[in-house]
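Spelled out, the chains give:
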Amino acid sequence: MPNAAKRKGDAFERFCAAFLTENTRYRVARRFGAGQSDDEGDLYGLPGMTIQCADWKDKTAALRQKPPEADTQAQRISPDMIGVTAIKLRGGDIRFVFTKEAFVKLLNR
């Protein structure tokens, strides 16, 4: 049986995938094998992007750590991929964040 943190993370990934599928024209799904050493992000389905999800108690730590990890995961797929991080806030809202490098890459597309 998965531990509580894993269940919490899995639930947030499912929530983000459903939110993006319902609110964009794309079908977003959870990626199998997330969390492995060659991880390519938690979600896929948005063109040119991979998404890392974080439902952490320490939001500042998530904001500092996860976006660079999302960039690394995106580069494993393609140099043109952009890493995006979904961070769950208190109350259930989500913020999608980029590193400055990923944001500039997005703007220059």
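In this text, all values refer to a predicted model and were calculated from it rather than measured experimentally.

Draft legend 1. Quick peek at the pairing of strand 3 (residues 49-54). Where burial is concerned, most of strand 3 is hidden: 6 out of the 6 residues are buried. Burial along strand 3 is two-sided: the face carrying Met 49, Ile 51 and Cys 53 and the face carrying Thr 50, Gln 52 and Ala 54 are both buried. Alignment of strand 3 against strand 4 (residues 82-88), held across 6 bridges, turns out to be parallel. Looking across to strand 4, one finds that Ala 54 is bridged to Ile 87. The handedness of the strand 3 to strand 4 crossover, carried by helix 2 (residues 59-77), is right-handed.

Draft legend 2. Region of interest: helix 2. Counted at 1.5 Å a residue, the expected span for helix 2 with its 19 residues is 27 Å, and the 27 Å between its end C-alpha atoms agrees. The sharpest bend along helix 2 measures roughly 25° and falls at Lys 66, with the proline Pro 67 sitting one to four residues further on. Those residues of helix 2 that fall on the buried side of the exposure criterion are Ala 62, Lys 66, Pro 67, Ala 70, Asp 71, Gln 73 and Ala 74. Looking at the buried side of helix 2, the elements it contacts are strand 3, strand 4, strand 5 (94-97) and helix 3 (100-107). Sitting at the amino-terminal end of helix 2 is Asp 58, which places a side-chain oxygen 3.2 Å from the backbone nitrogen of Thr 60.

Draft legend 3. Representation of the pairing of strand 5. Two elements, strand 4 and strand 5, share 4 bridges in a ladder whose sense is antiparallel. Counterpart to Ala 86 in the pairing with strand 5 is Phe 96. Hairpin connection, strand 4 to strand 5: the antiparallel pair is bridged by 5 residues, and Gly 91 has positive phi, about 95°.

Draft legend 4. Representation of helix 1 (residues 4-23) within the structure. The end-to-end C-alpha distance of helix 1 is 28 Å, a good match for the 28 Å that 20 residues give at a rise of 1.5 Å each. Residues of helix 1 that are buried: Asp 10, Phe 12, Glu 13, Cys 16, Ala 17 and Leu 20. The arc that holds every buried residue of helix 1, seen down its axis, measures 160°, which confines them to one face. Along helix 1, the residues that are exposed and aim more than 90 degrees away from the buried face are Ala 4, Glu 22 and Asn 23. For helix 1, the elements touching its buried residues are strand 1 (29-30), strand 2 (43-44), strand 3, strand 4 and strand 5. Regarding helix 1, its N-cap is Asn 3, as a side-chain oxygen of that residue lies 3.1 Å from the backbone nitrogen of Ala 5 further along.

Draft legend 5. Expanded view of the side chain of Asp 10. Note that Asp 10 resides in helix 1. A distance of 3.0 Å separates a polar atom in the side chain of Asp 10 from a polar atom in the side chain of Arg 30.

Draft legend 6. Looking closely at the pattern of salt bridges. Summed over the entire model, instances satisfying the criterion amount to 10 salt bridges. With a shortest N-O distance of 3.0 Å, Asp 10 and Arg 30 are connected by a salt bridge. You can see Asp 10 sitting in helix 1 and its partner Arg 30 sitting in strand 1, a full 20 residues away along the chain. Residue class for Asp 10 comes out buried when judged on its relative accessible area of 14%. With its nearest N and O atoms 3.9 Å apart, the salt bridge here joins Arg 31 to Glu 40. Sharing partners across several salt bridges, the network here consists of Lys 6, Asp 10, Glu 13 and Arg 30.

How each quantity is defined
- Residues numbered from 1 in each chain as written.
- Predicted model: local features only at pLDDT ≥ 70, side-chain atom pairs only at ≥ 80, totals over all residues.
- Heavy atoms only, no water.
- Buried < 20%, exposed > 50% of the residue type's maximum accessible area, 1.4 Å probe, protein only.
- Helix = DSSP H or I, 4+ residues; strand = E, 2+ residues; numbered from the N terminus.
- Pairing = 2+ DSSP bridges.
- Right-handed = clockwise from strand over helix to strand, strands pointing away.
- Expected span 1.5 Å × (residues − 1).
- Bend = angle between axes of the 7 residues up to and from the residue.
- Contact = heavy atoms within 4.5 Å.
- Polar contact = N/O pair within 3.5 Å; in protein donor to acceptor, adjacent residues only side chain to side chain.
- Arc of directions from axis to C-beta.
- Salt bridge = Lys/Arg side-chain N within 4 Å of Asp/Glu carboxyl O.

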